[in-house]
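# Reading the structure
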Amino acid sequence: AAGRKRPSRAPQELSFEDIGGQEQAKRELTEALEFLVKREQLSKLGIRPLKGILLTGPPGTGKTLLAKAAAHYTNSIFIAASGSEFVEMYVGVGASRIRELFQEARRQAARQKKDSAIVFIDEIDGIGGKRDGGQHREYDQTLNQLLTEMDGIQGDEHPRVLLIAATNRKDTLDPALLRPGRFDRNIQVDLPDKTGREHILKLHARNKPLAEGASLSKVADETFGFSGAQLESVMNEAAIYAMREECDEIRTEHLSRAIDKVMMGERMDRETTR
Ligand code: ATP
């Protein structure tokens, strides 16, 4: 999900129903989002605003989808960036890019008359990895700017802002990010279990004709350890096999070959990056 891209506004249509499995993550996330929705009530009670939610888990498990669904659920503007794009920036550029991101979120929310904005930063470790003795000044400035933006989030401002960030490795994050009042919530987004895998497969089979007897439950059994992204690939590859054979339905053998292909692809990726 990386990429060197400008702040972009993603489609708002994606909702929690479009995300397979991840029931606990969805529950924890919707609970946390109440803080954004009910901020007036919370401030009356003197509860400090929730500024950041961290989504932690392996690649392709739906962290980006969850952040988009959070924006949909709270009727917020969605602005996204990836931590990887900050890695080799010149001094000062990263920090101003962070400032811009939050400004843009507030500006777009105001323009579209929304009450809130969600800023999503994927691969946050690209910005907020542990500092190594002041070696990387630029990197520090970027992280400092992010901390400043988080500290500047007010409970009573309009539009309200929430930062959602994703990482594969929470242990590599700078402790400053994890202090109370910053990323107050950490939600684990793990690889799906069998029920989750079947749910994800069903979602990705919505627009695909399945032959009678082609069982997604069986595919779910055979894909232990697959991420949501890999399951999406299985369904897509199976449809390609069907097309190549000029079948107008996806059959069991197409699914089996697709599982092998995705599994093999993973293995090759691992070997070439070793
Ligand atoms: P990364 O850490 O690589 O950024 P991620 O956890 O943010 O990964 P997503 O970008 O949300 O993963 O998922 C990638 C794609 O995989 C989605 O666009 C979707 O097609 C599929 N996918 C992943 N998880 C799920 C899920 N739980 N339900 C349905 N589709 C999923």
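Per an unreviewed UniProt entry, the protein chain goes by the name AAA family ATPase and belongs to Cohnella zeiphila. In its Cofactor (unreviewed entry) section, the UniProt entry covering the protein chain states "Zn(2+)".

Once that is clear, we can look at the overall build of the protein chain. When you go through the protein chain residue by residue, the secondary structure sums to eleven helices and six strands. Looking at the protein chain as a whole, 48% of its 274 residues qualify as buried. Sequence separation of 24 or more characterises 78% of the internal contacts of the protein chain that already satisfy a separation of 6 or more. Total accessible area on the protein chain is roughly 14100 Å²; 49% of this is exposed by carbon and sulfur atoms.

Before going further, it helps to spend a moment on empty space enclosed by the protein. Summed over all chains, the structure comprises one cavity of 30 Å³ or more. For the largest cavity, the calculated volume is near 50 Å³. Elements with a contribution of two residues or more to the lining of the largest cavity: helix H9 (216–221) and helix H11 (252–272). When residues of the lining of the largest cavity are assigned to their parent elements, the largest contribution, four residues, is made by H11. Tallied by class, residues from the lining of the largest cavity come to three nonpolar, three polar and two charged.

As a further point, take the site of the ligand. In the region of the ligand, 18 residues are neighbours, and Gly20, Gly60, Lys63, Thr64 and His204 sit closest. The side chain of threonine 64 places a nitrogen or oxygen atom 2.6 Å from an oxygen atom of the ligand. Alanine 229 is positioned such that a nitrogen or oxygen atom in its backbone is 3.4 Å from an oxygen atom of the ligand. Protein contact buries 83% of the 630 Å² of open area that the ligand shows by itself. Because more than half of its atoms lie within 2 Å of the grid, the ligand is assigned to the largest pocket. Broken down by secondary-structure element, the contributors of at least two residues to the shell around the ligand are helix H3 (63–73), helix H8 (194–204) and helix H10 (228–244). Partitioned by chemical class, the residues of the shell around the ligand number six nonpolar, eight polar and four charged.

The rules behind the values
- Residues numbered from 1 in each chain as written.
- Predicted model: local features only at pLDDT ≥ 70, side-chain atom pairs only at ≥ 80, totals over all residues.
- Heavy atoms only, no water.
- UniProt positions renumbered as here; feature names shortened; annotations may be inferred.
- Helix = DSSP H or I, 4+ residues; strand = E, 2+ residues; numbered from the N terminus.
- Buried < 20%, exposed > 50% of the residue type's maximum accessible area, 1.4 Å probe, protein only.
- Contact = heavy atoms within 4.5 Å.
- Areas by Shrake-Rupley, 256 points an atom, 1.4 Å probe, with all protein chains shown as cover.
- 1 Å grid on protein atoms, 1.4 Å probe; cavity = no way out; pocket = protein on both sides within 12 Å on 5 of 7 lines; lining within 4 Å.
- Points joined across faces, edges and corners; volume = space filled by probe spheres on them.
- Nonpolar A, V, L, I, M, F, W, Y, C, P; charged D, E, K, R; others polar.
- Near = heavy atom within 4 Å.
- Polar contact = N/O pair within 3.5 Å; in protein donor to acceptor, adjacent residues only side chain to side chain.
- Sits in = over half its atoms within 2 Å of the grid points.

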